[in-house]
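# Results of the structural survey
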Amino acid sequence: MYKIAGLNVKMECSGETLLTQGEPYRTVAGRPQIIIDISDETLVKTKKSYPQFCFDEWEHIHKGFAFSYKLLEHSGFCLHASAVAMDNKTVLFSAPCGTGKSTHAGLWQQYFGKDKALIINDDRPALRLIEDEIYVYGTPWSGKTNLNANIKVPLQAVVFLSQAKENHIERLTNKEALKLLLRQSIRPNHDNGRMDVLLTLLDALLQKIPVYHLSCNISMDAVKLAYDTINKRMG
């Protein structure tokens, strides 16, 4: 049994990656609220269509998607992002693979110190709407790193990144933000009911949380610009 995003998750793990990243989430108490029942035989069979992955990688991916879909039944969803917590608030940095969200999250740790800026998850944090508040949780699905923590921190802002020579940040309209959030969310394809739930959750996020676009280079100035903007310290 695992405790992920505040929920009891029944899941058997065979591969080293999921066993290692899942260790901080192990628990022995409670009834399962999410059951991920995917056998090794099923994984071996479905992996044939994706020969580029080894069994370990495919288990990590496949069970991660299963968790994301079932999380929607508990007012939650997963987002491709690096989640950094500071002062009991979380900022999510999201971007297509290879853009530099992990690099930017690492810069925050360099700028503020690892004791102050904690990476909750470096690839696929969980978000849940609980009593009108949006919280960010670590999950065992943190990409190729073990940068995740089994904690719950309120969401402060979402920042979408793109590479640029000069640093510039702007707040997005809800329409602009929704398009990017959908692109980076784990979407329940071919399931209209769950898709409606996801859209409702994204609408709740947009009503409460500012979403920004940061064009940036790899510099501490980019960190300062983002931090000051999010915390209204401009000018």
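Before going into details, it helps to say that this report is about the structure given with it. (Residues numbered from 1 in each chain as written. Predicted model: local features only at pLDDT ≥ 70, side-chain atom pairs only at ≥ 80, totals over all residues. Heavy atoms only, no water.)

Okay, the overall build of the chain next. When you go through the chain residue by residue, the secondary structure sums to seven helices and 12 strands. For 235 residues, the compact-globule formula gives about 18 Å, and the C-alpha radius of gyration of the chain, at 18 Å, lands near that figure. Going through the 235 residues of the chain one by one, you find that 51% of them count as buried. Residue pairs at least 24 apart in sequence account for 69% of intrachain contacts in the chain once pairs closer than 6 positions are excluded. Here the chain has roughly 11,800 Å² of accessible surface; of this, 50% comes from carbon and sulfur atoms. Considering the chain, the positive charge centre built from 28 side chains and the negative charge centre built from 25 side chains are found 2 Å apart. (Helix = DSSP H or I, 4+ residues; strand = E, 2+ residues; numbered from the N terminus. Rg over C-alpha atoms; globule rule 2.2 N^0.38 Å. Buried < 20%, exposed > 50% of the residue type's maximum accessible area, 1.4 Å probe, protein only. Contact = heavy atoms within 4.5 Å. Areas by Shrake-Rupley, 256 points an atom, 1.4 Å probe, with all protein chains shown as cover. Lys, Arg positive; Asp, Glu negative; His and termini not counted. Charge placed at Lys NZ, Arg CZ, Asp CG, Glu CD.)

What follows covers helix α5 (residues 174–184). For α5, every residue scored as buried is listed here: A177, L181 and Q184. Looking straight down α5, one finds that the buried residues subtend no more than 70° of arc, so they occupy a single side. The exposed set on the far side of α5, more than 90 degrees from its buried face, consists of K175, K179 and R183. The secondary structure elements touched by the buried residues of α5 are β4 (76–78), β6 (89–94), β10 (152–163), α6 (192–208) and β12 (211–216). (Arc of directions from axis to C-beta.)

Another point: the side chain of H74. Tracing the backbone through its elements, the reader meets H74 in the loop between α3 (55–71) and β4. From its side chain, H74 meets the backbone oxygen of Q33 in a polar contact 3.3 Å long. The residues contacting H74, other than those within four sequence positions of it, are L7, Q33, I34 and R128. (Polar contact = N/O pair within 3.5 Å; in protein donor to acceptor, adjacent residues only side chain to side chain.)

Sheet strands line up and pair through hydrogen bonds in the backbone, either parallel or antiparallel. The three strands lie next to each other as β1-β2-β3, forming an open sheet whose pairing is mixed. Edge positions in the sheet fall to β1 (2–4) and β3 (34–36), since each of these pairs with one other strand and no more. Averaged over all pairs of adjacent strands, the angle between their axes in this sheet comes to 35°, without regard to strand direction. With three bridges connecting them, β1 and strand β2 (residues 7–11) associate as antiparallel partners. Counted as the bridge partner of I4 is L7 from β2. (Pairing = 2+ DSSP bridges. Axes fitted to C-alpha atoms, helices over the stretch in contact; angles between N-to-C directions.)

This part takes up the packing of α5 against α6. α6 packs onto α5 with a crossing angle of 135° between their chain directions and a minimal axis gap of 11 Å. When the axes of α5 and α6 are compared, the pair comes out oblique. Here α5 and α6 pass one another in a crossing that is right-handed. Residues N174, A177, L178, L181 and L182 of α5 pack against M195, L198, L199, L202, L205, L206 and Q207 of α6. Per-class residue counts for the contact of α5 with α6 are 10 nonpolar, two polar and no charged. (Parallel < 35°, antiparallel > 145°, perpendicular 65-115°, else oblique. Left-handed = near helix turned anticlockwise from the far one by under 90°. Nonpolar A, V, L, I, M, F, W, Y, C, P; charged D, E, K, R; others polar.)

Now for the packing of aromatic side chains. Following the criterion strictly, the structure yields nine aromatic pairs and no others. Here W108 and F112 contribute two aromatic rings whose centre-to-centre distance is 5.5 Å and whose plane-to-plane angle is 50°, an arrangement assigned as tilted. One end of the pair, W108, and the other, F112, are both in helix α4 (residues 101–112), four residues apart, so they sit about a helical turn from each other. Ring centres of W108 and Y227 lie 6.0 Å apart, and the angle between their planes is 65°; on these two criteria the pair is classed as edge-to-face. Of this pair, W108 sits in helix α4 while Y227 sits in helix α7 (residues 220–230), and the two are 119 residues apart along the sequence. Take W108 and Y227: they sit in the same class, and that class is buried. Three or more aromatic residues link up through ring pairs in this structure, and these residues are F93, W108, Y111, F112 and Y227. Its end group placed over the ring of F65, R124 keeps NZ or CZ at 5.0 Å from the ring centre. (Phe/Tyr/Trp six-rings, centres within 6.5 Å; stacked < 30°, edge-to-face > 60°. Lys NZ or Arg CZ within 6 Å of the ring centre and 35° of its normal.)

This part takes up the nonpolar core. Judged by nonpolar contacts, the single largest core of 25 residues is most densely connected at F77, L92, L127, L155, V158 and L205. The set of elements that each furnish at least two residues to this core consists of β5 (82–86), β9 (133–137), β10, α5 and α6. The element best represented in this core is α6, accounting for five residues. Look past the residues within four positions of V158 in its chain and what remains in contact with it is L92, L181, L205, I209, P210, V211 and Y212. Counting residues in each nonpolar core, the second largest holds 24 residues, with A95, I119, V159 and L161 among its members. (Core = buried A, V, L, I, M, F, W, Y, C linked by side-chain atoms within 4.5 Å.)

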